[in-house]
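The lines below spell out each chain.
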Amino acid sequence: MQSRLLHVNLTTGELRVEELPHALFERWIGGSGINNWIMWEHFLKHDIHCDPRSPDNIFVFGVGPLAGTGSGSGIKGRITFKSPCYGIFGDSAAGGKFPYMVRFAGFDHIAITGKAPRPVYLYLCDGYADIRDATHLWGKNTAETHTGLNTELGDYPSHVHTLTIGQAGEHQVGIAAVVSDASRIHARGGGGCVMGSKNLKAIAVQGSGGVRVANPAGMLKWSREFRASIDKNEAIYGFKRRGTLGAVEMYQHIGSHFWRNNQGNMFRGDEIRSDNWVKKFHKYSEVCSADCFIACDGRYKIDGSESEKAKKYVGETFRRPEYLTTGSAAGALDIRDWAEVAHWGKVTNDYGIDNQDLSCAISFIMEVHQHGLLSERDIGELFGHAQSLEWGNMEDIETLMADIVFRRNLFGELFHDGPYWGALRYSQRTGRNFMKYSIYGKGGASFTEEMRPFPTWMNNMAVASRGADHLKGIGLIEKFQRRDLSKRYFNGRLEAADLSTPVLKGACTALVENQVALINSYGVCLFHWMLDPAGYAPEEHYGRAFAAVTGIDRTPAELMRDGERICNLEKAFNSRLGLRREHDTICERWMFEPTTEGMYPGRVAADMFETVLDEYYEWRGWERESGLQTASRLESLGLGDVAEVLAADGALARG
Amino acid sequence: MITIHAQYQSRFREITRVPAETFELEHPLVSELAARITGKYGPTMHALLMDSDGENLNTRGTLYLNSRGERVYIEDPLHDGDTIYFMVGIAGG
C-alpha cells in the first residue's frame, strides 16, 4: 500500500513528505483512522489543552484507501482537528471530486500546523506542493474563491478542485465549515474556523496520477459486482432521484422532523410537507464524483415559477439541498417557501457555515423571543438595533446569519460557537437560565431531526466523540426496526430493533459506531453502506474491497476490532481533555419534554437514557461510574501505548 | 376475508400512480399483500418491494409500517382494517 503524508508548517513555510508505513493501515485502515492517529501523535508533542484557534492546533485532511480506485464508493474525504466550537475531538466528511484528486496529485493525507503570517493557499499538483499568497482571495465567499482559483490555475494537468473557507472561517466563527469544490461541505465541528485561524484560505489541487492497488483484478471484480447489484436495486433508483430528500415525506409521516427548535416534529406549510416540492428539484442531476455508482446528487436552477418567493431568486443555481439542510430550514426555522429553503442551503454554503449549528442557534433565540423572554432592551443589547425575530421570515434569518458569520454584534459574539455555548454565555451574562431552550448533546448542536422516540439515537447524541452526532452511530437498526439485523448481530435477539425497550440500545450504539468507523476509514459514503445492496455489513462487503486495494486480508471479526480501535482512540482524545460520564449527556428538552406529534407521541429520553448509557459502557468495556476506558480493554485492542498516555494524564479507569 | 389499506409514498407512489388503495385478502398475511401488490404493478414494483431473492421484503432503502408504527415483515400477520404505509426509508444527509 503506497501512501504519502504531506506535513505543512504554515509558520515556517516548511513542507515535508513522509511515506506512511504499511503497518499504519494494518492498525488504522486509512481515512479517518489514520487522520485520528496523526492528530493523536501531534498532541503528544503539543499541548492538547491549547486554544483550538492557536497555531498549536492541527488540521488534517485524508482520504481512504478506496478513493480513486474505481470502487464506485470511496468518495469521501475527511478533515480532523481539535474542535473550536466544542473544544473536543472534531472531524467532518464530504464527498465529491476533491478527495480522489488529492490522491491523483500524489498525496493521501495532509497535516497542517502553525499559522501563516498572511492569507495563503496550499497548492498540490503531481507530487509538488507549494504555499501561495491568497491575499486577493481573502473576503471572498467559497464559490468566488473556487472560481478564482480555477481561473488562476487553469485546466492543466486537470481541472482544479478545492477546499475553501468563506467569510465565516475568516472571522474564526466556531461553527465555520470547509467547502469542497464550492458545493460539498465539511460542516460539523468548526474546521473552517481552524483553517481561518491559520490564515489558510484554501487548498487547491490538480493531478494526473493514479492509484496503485494490490490486486487490480480483485478490485475490478468487486467493483463490477457492486455496480451490478446497484443497477438492479429499485430502492436505490428511488434514492438517486431524491437523494436524502426522500426522507421528507417519511419523516412527516412518522414525526421525525425538528420543527421550531424541536418544539414539534412535523413540518407545517401545505406543500413542503409532501413529496411534490421535492420533485421541483428534478431539473437535472449530476454525478457527485466520477467514483460514485449511486450518484444521488442533483442541481436546481430557479426560474421564478416554483413558489411564491421564487421570483426573488430567479437564476440562482446550486446543489439540491440534502435532508438536513431542508430540516434546518423548513424544520428548525419554519421556512415554508420552496425557493427560500433552497436559498438557505446556498447561502450557508457560500459563507461556509454549518447550517445545523446555525439553525439551532437562530431557532434558540427565536424561541426565547416567542416565549416573551426578550425585552426591547435585551434585543437592543443583542443586535444593536430593533430586530424582528419572526419564525420563517427569511429576511430576519439572513440578518441573524450575517450577525454570526461576521460576529458583528453581541448576538454574533455569543452564538458563533453554536447554541450550547451561546445559551450558556447568554444565561451567564443576564443571570437568567435559558438552557432549557438550547438543543444539544455533549455541547454540540443537534442535527435537525426528532430523536426522542429513538433510544439508540438519543444515546448517540450523548456519547459521539464530536458532540451530538447522527453519523458516528447512525441508529438505523432501531429507526427502521430492522429485526433481521438485530438477530444477525445479537445472537437471534430482537430487542435492538424494538423501540419500546432500552435493551440492546447501548450495545447497538457501540456496534454501529464500530461499523461507521470502518466505513469512514475506508473513505466510503455512508449512504452506500446504508443502501448497500450487497449487504449491510461493512466488515464483510467493503472488507473485500479493502483487501483488494491494500493486500490486507482481514476476517470480519478482525475488521470489527479495527473499528473498535478507531473509536477508542477518539474516546481517548476526549478523555485526555477531561471528558467523563457527566459529559455524555443531552439537553433538557430531549430528556424531559415529551413528543406530542407523529407516530410516537409521549416519548422522553429520560425513560431509558441512563439504562442505555450503562449498557453502552458495558459493551465498550469502559468503567460505568466514570465513563473512562480501562487498561485491559485498550490492551486487548493493541492500544497499550494509548493506555499509558491516558494513565499519565489521570484519564484511565482503575479497573 | 380481511380489508387492508395500503398507502404509498414517493417512489412507491410513482409506480402505483395512486396514493392509497384497499385490498381484500383471503389470508391475513403480509406475504399475501405483497404478492397482490407486486402482481398488480409488475417487475418494477417487485424490484422495489422484494429483496433480490424474491422471498423477503426489501429491507434496504424501504420501510413498511403498520398503523401502530411497527415495521412489518413478510411473515407477519395482518388484522382487518390495518393500514400499511410503504415508504422510502433513508436518514441523515
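These figures come from a predicted structure and were not determined experimentally.

A. Geometry of the overall build of chain B. Secondary structure assignment for chain B yields two helices and four strands. Ordered by position from the N terminus, the helices and strands of chain B form the series β-α-β-α-β-β. In terms of overall dimensions, chain B has C-alpha extents of about 40 × 30 × 25 Å along its principal axes. Among the 93 residues that make up chain B, the fraction classed as buried is 41%.

B. Representation of the overall build of chain A within the structure. Along the backbone of chain A there are 28 helices and 17 strands. Taken over C-alpha atoms, the radius of gyration comes to 23 Å for chain A, in line with the 26 Å a tight globule of 655 residues would show. Here the C-alpha coordinates of chain A stretch approximately 65 × 60 × 55 Å along the principal axes. The burial tally for chain A puts 63% of its 655 residues in the buried class. Counting only contacts in chain A whose residues sit at least 6 apart along the sequence, the fraction spanning at least 24 positions is 69%.

C. View of the domain arrangement of chain A. Residues and elements named next belong to chain A. On domain assignment, one finds that chain A holds domain 1 (4-206), domain 2 (257-444) and domain 3 (451-648). In this structure, domain 1 and domain 2 have C-alpha centres spaced 26 Å apart. If one sorts the elements of the side of domain 1 that touches domain 2 by residue count, helix 5 (residues 167-170) sits on top with three residues.

D. Representation of the interface of chain A and chain B within the structure. Opposite the 34 residues of chain A that make contact, chain B presents 24 residues. The set of elements that each furnish at least two residues to the side of chain A that touches chain B consists of helix 8 (234-242), helix 9 (247-254), helix 11 (323-332), helix 19 (476-479) and helix 20 (483-489) of chain A. A per-element tally of the side of chain A that touches chain B places helix 8 of chain A first, with six residues. Looking at the side of chain A that touches chain B residue by residue, the classes come out as 16 nonpolar, seven polar and eleven charged.

E. Focus on the sheet that holds strand 11 (residues 184-186) of chain A. Residue and element names in this part refer to chain A. Pairing is mixed in the open sheet, where six strands are placed in the order 8-7-12-9-10-11. With partners counted over all chains shown, the strands left at the sheet margins are strand 8 (128-133) and strand 11, one partner each. For this sheet, the mean angle separating the axes of adjacent strands, direction not counted, is 20°. Here strand 7 (residues 120-125) pairs with strand 8 via six bridges, running antiparallel. When the sheet's bridge partners are listed, valine 120 is paired in strand 8 with aspartate 133.

F. Looking closely at helix 15 (residues 394-405) of chain A. Residue and element names in this part refer to chain A. The end-to-end C-alpha distance of helix 15 is 16 Å, a good match for the 16 Å that twelve residues give at a rise of 1.5 Å each. At its buried positions, helix 15 is contacted by helix 5, helix 12 (338-351), helix 13 (355-370), helix 14 (376-383) and helix 16 (410-415). Two residues or fewer after helix 15 comes arginine 407, characterised by a positive phi angle close to 45°.

G. How the structure looks around the sheet that holds strand 1 (residues 2-8) of chain B. Residues and elements named next belong to chain B. Judged by pairing direction, the sheet is mixed, and its four strands sit side by side in the order 2-1-4-3 without closing on themselves. Each edge of the open sheet is held by one strand with a lone partner, namely strand 2 (20-25) and strand 3 (62-66). The mean inter-strand angle of the sheet, taken between neighbouring strand axes irrespective of direction, is 25°. As defined by bridge partners, strand 1 adjoins strand 2 across six bridges and the pair is classed as antiparallel. Of the residues in strand 2, the one forming a bridge with isoleucine 4 is phenylalanine 23.

H. Up close: the nonpolar core. Residues and elements named next belong to chain A. Formed by 242 residues in total, the largest nonpolar core has its most connected members in Val60, Tyr121, Leu124, Val205, Ile353 and Met458. Of the residues forming this core, the biggest block, ten residues, is contributed by helix 21 (residues 505-522). Excluding residues within four positions of it along the chain, leucine 124 makes contact with Val102, Ala105, Phe107, Ala129 and Val205.

I. Spatial organisation of the pairing of strand 5 (residues 89-94) of chain A. A large share of strand 5 of chain A lies buried, amounting to six of its six residues. A loop of six residues connects strand 4 (residues 77-82) of chain A with strand 5 of chain A, the two strands running antiparallel in sequence, and A:Gly87 in this loop sits at a positive phi of about 75°.

J. Summary view of the packing of helix 11 of chain A against helix 12 of chain A. All names here are of chain A. Between helix 11 and helix 12, whose axes approach to 9 Å, the crossing angle comes to 120°. Regarding the angle of helix 11 to helix 12, the classification is oblique. Crossing handedness for the pair helix 11 and helix 12: right-handed. Residue-level contacts link Thr325, Thr326, Ala329 and Ala330 of helix 11 to Val341, Trp344 and Gly345 of helix 12. Looking at the contact of helix 11 with helix 12 residue by residue, the classes come out as four nonpolar, three polar and no charged.

K. Layout of the environment of A:Glu478. Residue and element names in this part refer to chain A. With respect to the helices and strands, glutamate 478 occurs in helix 19. With 26 C-beta atoms packed within 10 Å, glutamate 478 lands in the buried category. In the structure, glutamate 478 is positioned 21 residues away from leucine 499 in sequence and 6.5 Å away in space, judged by C-alpha atoms. Once residues lying within four places of it in the same chain are set aside, the contact partners of glutamate 478 are Phe454, Thr456, Ala496, Ala497, Leu499, Lys505 and Cys508.

L. Fine view of the environment of A:Ile185. All names here are of chain A. Examined against the element boundaries, isoleucine 185 turns out to sit in strand 11. Note on isoleucine 185: 27 C-beta atoms within 10 Å, which makes it buried. Once the C-alpha coordinates of isoleucine 185 and glutamate 170 are considered, the two residues, 15 residues apart in sequence, prove to be 16 Å apart. The contact partners of isoleucine 185, leaving out residues within four places of it in the chain, are Ala94, Ala177, Val179 and Asn349.

M. Focus on the environment of A:Met394. Residues and elements named next belong to chain A. With respect to the helices and strands, the residue methionine 394 is situated in helix 15. For the pair formed by methionine 394 and leucine 124, sequence separation is 270 residues and the distance between their alpha carbons is 40 Å. If we ignore the near neighbours within four places in the chain, the residues touching methionine 394 are Ile335 and Glu340.

N. Expanded view of helix 18 (residues 455-463) of chain A. Buried residues dominate helix 18 of chain A, accounting for nine of its nine residues. Along helix 18 of chain A, the residues classified as buried are A:Pro455, A:Thr456, A:Trp457, A:Met458, A:Asn459, A:Asn460, A:Met461, A:Ala462 and A:Val463.

O. Molecular detail of unusual backbone geometry. Residue and element names in this part refer to chain A. A cis amide bond links tyrosine 156 to the next residue, proline 157, at an omega of 5°. With a phi angle near 60°, asparagine 199 is a residue other than glycine that sits in the positive phi range. Inspection of the secondary structure puts asparagine 199 in the loop between helix 6 (191-197) and strand 12 (200-206). Asparagine 199 gets classed as buried once you count the C-beta atoms within 10 Å, which come to 20.

What counts, and where the lines are drawn
- The residue numbering used here restarts from 1 in each chain and proceeds along that chain's sequence as written.
- Each chain takes a letter, starting from A, and each ligand takes a number, starting from 1, following the order in which they are written.
- With the structure being a predicted model, the display of local features is reserved for residues of pLDDT at least 70 and the display and counting of side-chain atom pairs for 80 or more, all residues being used for whole-chain, interface and lining totals.
- Helix and strand definitions here come from DSSP, where helices need a minimum of 4 consecutive H or I residues and strands a minimum of 2 consecutive E residues; each element is numbered from the N-terminal end.
- As a rule, residues whose C-beta atom has 12 or fewer other C-beta atoms within 10 Å are exposed, those with 20 or more are buried, and those in between are partly exposed; C-beta atoms are placed from the backbone.
- Throughout, radius of gyration means the C-alpha value; the globule benchmark is 2.2 Å times the number of residues raised to the power 0.38.
- Two residues qualify as being in contact provided that their C-beta atoms, derived from the backbone, are within 7 Å of each other.
- An automatic or database domain assignment provides the domain bounds reported here.
- When residues are grouped by polarity, Ala, Val, Leu, Ile, Met, Phe, Trp, Tyr, Cys and Pro land in nonpolar, Asp, Glu, Lys and Arg in charged, and all others, Gly among them, in polar.
- Strands qualify as paired when DSSP identifies two bridges or more between them.
- Think of each axis as a best-fit line through the C-alpha atoms, taken over the contacting stretch in the case of a helix, with angles from 0 to 180 degrees between the N-to-C directions.
- For a helix, the expected span equals 1.5 Å multiplied by the residue count minus one.
- Remark: nonpolar core denotes a set of buried Ala, Val, Leu, Ile, Met, Phe, Trp, Tyr and Cys residues whose joining runs through C-beta atoms within 7 Å.
- Reported orientations rely on four angle classes, namely roughly parallel under 35 degrees, roughly antiparallel over 145, roughly perpendicular from 65 to 115, and oblique for the rest.
- Working rule for handedness: look at the near helix, and if it is turned counterclockwise from the far one by less than a right angle, call the crossing left-handed; if clockwise, right-handed.

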